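Understanding the architecture of this molecule
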Amino acid sequence: MSEVVRGKVHRATARFKRIFGEKRRRPSSPVSSMRSFWGLLLAYWLSNRWRDAWGLTILILLLTGLSSQASVWFALTSGELVNRIANFHHPTVPTTPASLLKTAATLAAIAITRDAGFTAVRHFLSTSLHRKWRQWLDERFNQPLLDSSHTHFHLQQNGFGGAGEGNTSSPDNIDQRVQEAIKGMTGGAIGLGIGIAGVVLSLAFVGGKLIETSSPIRGLDVLGGYGSAFLTLLAIAIYVPLNTFIAAKLGGILQGLSIRIQSAEGSYRSELNQFLRRSFHVAVIRGEPAQKALNVRRYQILTTHGRGSIG
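Residues numbered from 1 in each chain as written. Predicted model: local features only at pLDDT ≥ 70, side-chain atom pairs only at ≥ 80, totals over all residues. Heavy atoms only, no water.

The next thing to look at is the pattern of salt bridges. According to the stated counting rule, one finds three salt bridges in the structure shown. Two residues, Arg 49 and Glu 139, come together in a salt bridge whose shortest N-O distance is 3.8 Å. A residue pair is termed long-range when its members are at least 10 positions apart, and Arg 49 in the loop between helix 2 (37–42) and helix 3 (50–86) and Glu 139 in helix 4 (residues 97–145) qualify at 90 residues. Taking the relative accessible area as the measure of exposure, Arg 49 reaches 29% and is therefore partly exposed. Here Glu 80 makes a salt bridge to Arg 84, at a shortest N to O gap of 3.1 Å. Note that Glu 80 and Arg 84 are positioned in helix 3 at a spacing of four residues, about one turn of the helix. (Salt bridge = Lys/Arg side-chain N within 4 Å of Asp/Glu carboxyl O. Helix = DSSP H or I, 4+ residues; strand = E, 2+ residues; numbered from the N terminus. Buried < 20%, exposed > 50% of the residue type's maximum accessible area, 1.4 Å probe, protein only.)

Here it is in structure tokens:
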């Protein structure tokens, strides 16, 4: 009788939820939105720390632009200095010592301002952004790792390989691995972003100067006075995408190598940690030879993974 009553109650509850539109919600975590590439990359800029993130980013971009413009000024002033030195004893338009010293002082001032001013301050700001971004990500990942669901315990016991992903064991020292991964990801992303911004801004400043100083090229009369600028920009348009493609391919190979080495190293170090925890039992049964053979096999797997990935 109780079974019948329980079934009726269950059906009535389900009907009530269906009528009032109550849906079952999946439990979310502070890192649920970071499972995708862009979600992880933009999470800090869309968080409650967006003022710090965007403020430092805008200042870094501004200093990158100033550094690119200073590089253009340095190249022009350097050419002017060489020209003045070459014309120092020219019979018709000789270079005076005052103008030569003035150009040299201008070149030194540009170099000092660019390196000690723009580049140094940009490095300080990028380091601050790196530190703040890492701190925020560490806090976000530590929350689900140390939550009431004992996530850290389940990772150590069950690994991170889900159904159909093979028998994948998680590496030892989860917190340390998370710290290292966050450090590498944030540092690489900031360096790549500054590099891309530098290339784009340099192309804009240098391209403007190339168009301004362009000259006709024989065989390209249809372009008029923009012949040399067209050839230079064409060479840049071929060189940059080609090198970016090669760098992306090499980066993919290095990423696969790093993942395989970390997996094999985690398995090897996990075996060593387990041995240290049961060292008393191994000593009692005199199991050192067996443990030594197991460690050698684990290390061989580690080195084989590394060579196989490189090959």
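Any segment with low pLDDT has predicted coordinates that should not be analysed in fine detail. Residues of the protein chain with pLDDT of at least 70 account for 78%, and the chain-wide mean is 78. By mean pLDDT, helix 1 (residues 2–19) is the weakest element of the protein chain at 55, and helix 3 is the strongest at 90. Note that pLDDT drops below 50 for residues 19–25; the model gives that stretch one contact with residues more than four away or on any other chain. Note that pLDDT drops below 50 for residues 160–167; the model gives that stretch eight contacts with residues more than four away or on any other chain. (pLDDT = per-residue confidence, 0-100. Contact = heavy atoms within 4.5 Å.)

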